[in-house]
Amino acid sequence: MKTRITELLGIEYPIFQGGMAWVAEYHLAAAASEAGGLGIIGAGGAPAEFVREQIQKAKELTDKPFGVNVMLMNPEADAIAKVIVEEGVKVVTTGAGNPGKYMAMWKEAGVKVIPVVASVALAKMMERAGADAVIAEGTESGGHIGAATTMTLVPQVVDAVSIPVIAAGGIGDGRGFAAAMMLGAQAVQMGTRFLLAKECVVHQNYKDKVIKAKDIDSEVTGRSTGHPVRSIRNNMTREYLKMEAEGATLEQLEQMTLGSLRKAVVDGDVVTGTIMAGQIAGMVKKEQTCKEMMEEIMSEAKALLKCE
Ligand code: TUI
């Protein structure tokens, strides 16, 4: 299936693997790119030199293009932005902020820049700043989220900009893919479905929580802090929401979440750790290789979209 995004990036399938913090390391990103989509290393809160090593390891596993996601709240974002240029990364996506200050440097180096936006206003600003495309991410997503749903955000962003739009949030199979195309998207980004990729090194306890999750098993914490985060309900979310309702300070809440994603992803502590996942978790049930996953999604989507 050819779209403006497959042409722009030289990839086979218009499917991005979301650059999830701690989860999207080089094994997953290289496998997603090798399978024909765009694999993305999630820099998350990692130090710049760790990200450099991840990029170098991914290059050993694939010759295909892959991306790096810069989580803009990372205190090392400036250094990571430079590492991306130095290592010749082909595509950068950004999240949780406005990447305006890096745009000129990346564009000059020929990096394709694809910011995640949660509003029409930011999408327009990114287009003016020279973005090659934008990812319109709805509130159905896991992790740090905006307020608009995918169903409402994607067509409004598509109408507002001329650059291609990638839809994200709540997409987990060929039906979601086809629906995103109907909304005017040129590709999709999925995170939660890739948590169950065989090449995804997230702890088995984390995968089991996603497999067991039902439609309404996610919770949004941190609305009072201005940084809402969606994750699967557990002791952590219950405790956090209780503290939030009781008017806990930002410091108290930050103290509680410090290192909590790592705890769940790496240590498999799914009781006091944060299990970030999107609302589609209720439909994500089987472990597959990235290749099996992408081929299944594309074949479902092509049947629905009546492509050859
Ligand atoms: O970035 C994400 N998702 C993430 S980042 C992350 S790591 C983290 N860990 C603990 C607490 C917080 C984060 C986990 N998940 N998605 C992309 C995304 N970006 N979603 C929403 C946005 C966004 C929201 C507002 C982007 C820009 C924005 O406004 C920027 C501005 O300054 O106008």
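Now for a look at the structure at hand. What you are looking at is a predicted structure, and each value in this text was computed from that prediction instead of being measured.

## A word on the overall build of the protein chain
Helix and strand content of the protein chain: 14 helices and eleven strands. Based on the C-alpha atoms only, the size of the protein chain along its principal axes is roughly 50 × 40 × 40 Å. Expressed as a percentage of its 308 residues, the buried residues of the protein chain come to 53%. Of the contacts made within the protein chain by residues no fewer than 6 positions apart, 61% connect residues no fewer than 24 positions apart. When the accessible surface of the protein chain is split by element, carbon and sulfur atoms take 54% of a total near 13,000 Å². Distance between charge centroids for the protein chain: 3 Å, based on 32 positive and 37 negative side chains.

## Re the layout of surface pockets
Each pocket or cavity is described by its volume, and for the second largest pocket that value is around 290 Å³. Residue lining of the second largest pocket: 20 residues in total, with W22, V23, E25, F50 and Q54 positioned closest to the centre. Tallied by class, residues from the lining of the second largest pocket come to 15 nonpolar, four polar and one charged.

## Let's talk about helix α7 (residues 150–160)
Taken residue by residue, α7 has T150, L153, V154 and V157 as its buried positions. The buried residues of α7 occupy one face: seen down the axis, they fall within an arc of 95°. The outward face of α7, more than 90 degrees from its buried face, is lined by the exposed residues M151 and D159.

## Considerations on the pattern of salt bridges
The full count for this structure, using the stated rule, is 15 salt bridges. Two residues, E296 and R193, come together in a salt bridge whose shortest N-O distance is 3.1 Å. On the criterion of sequence distance, the pair formed by E296 in helix α14 (residues 290–305) and R193 in helix α9 (residues 192–195) is long-range, its members being 103 residues apart. Accessibility expressed as a relative area gives 23% for E296, which makes it partly exposed. Classification of R193 as buried rests on a relative accessible area of 6%. Its salt-bridge partner being R233, residue E219 comes within 2.6 Å of it at the nearest N-O pair.

## Considerations on the pairing of strand β8 (residues 165–168)
Residue alternation in β8 divides its side chains into two sets, V165 and A167 and I166 and A168, and both sets are buried. When strand β6 (residues 134–137) meets β8, the two strands line up parallel, connected through four bridges. The residue bridging A136 from the neighbouring strand is A167, located in β8. Sheet topology places β8 next to strand β9 (residues 187–190); three bridges connect them, and they run parallel. When the bridges of β9 are listed, I166 appears paired with A187. The β-α-β motif built from β8, the intervening helix α8 (residues 174–182) and the parallel element β9 has right-handed crossover chirality.

Reading the values: rules and limits
- Residues numbered from 1 in each chain as written.
- Predicted model: local features only at pLDDT ≥ 70, side-chain atom pairs only at ≥ 80, totals over all residues.
- Heavy atoms only, no water.
- Helix = DSSP H or I, 4+ residues; strand = E, 2+ residues; numbered from the N terminus.
- Buried < 20%, exposed > 50% of the residue type's maximum accessible area, 1.4 Å probe, protein only.
- Contact = heavy atoms within 4.5 Å.
- Areas by Shrake-Rupley, 256 points an atom, 1.4 Å probe, with all protein chains shown as cover.
- Lys, Arg positive; Asp, Glu negative; His and termini not counted.
- Charge placed at Lys NZ, Arg CZ, Asp CG, Glu CD.
- 1 Å grid on protein atoms, 1.4 Å probe; cavity = no way out; pocket = protein on both sides within 12 Å on 5 of 7 lines; lining within 4 Å.
- Points joined across faces, edges and corners; volume = space filled by probe spheres on them.
- Nonpolar A, V, L, I, M, F, W, Y, C, P; charged D, E, K, R; others polar.
- Arc of directions from axis to C-beta.
- Salt bridge = Lys/Arg side-chain N within 4 Å of Asp/Glu carboxyl O.
- Pairing = 2+ DSSP bridges.
- Right-handed = clockwise from strand over helix to strand, strands pointing away.

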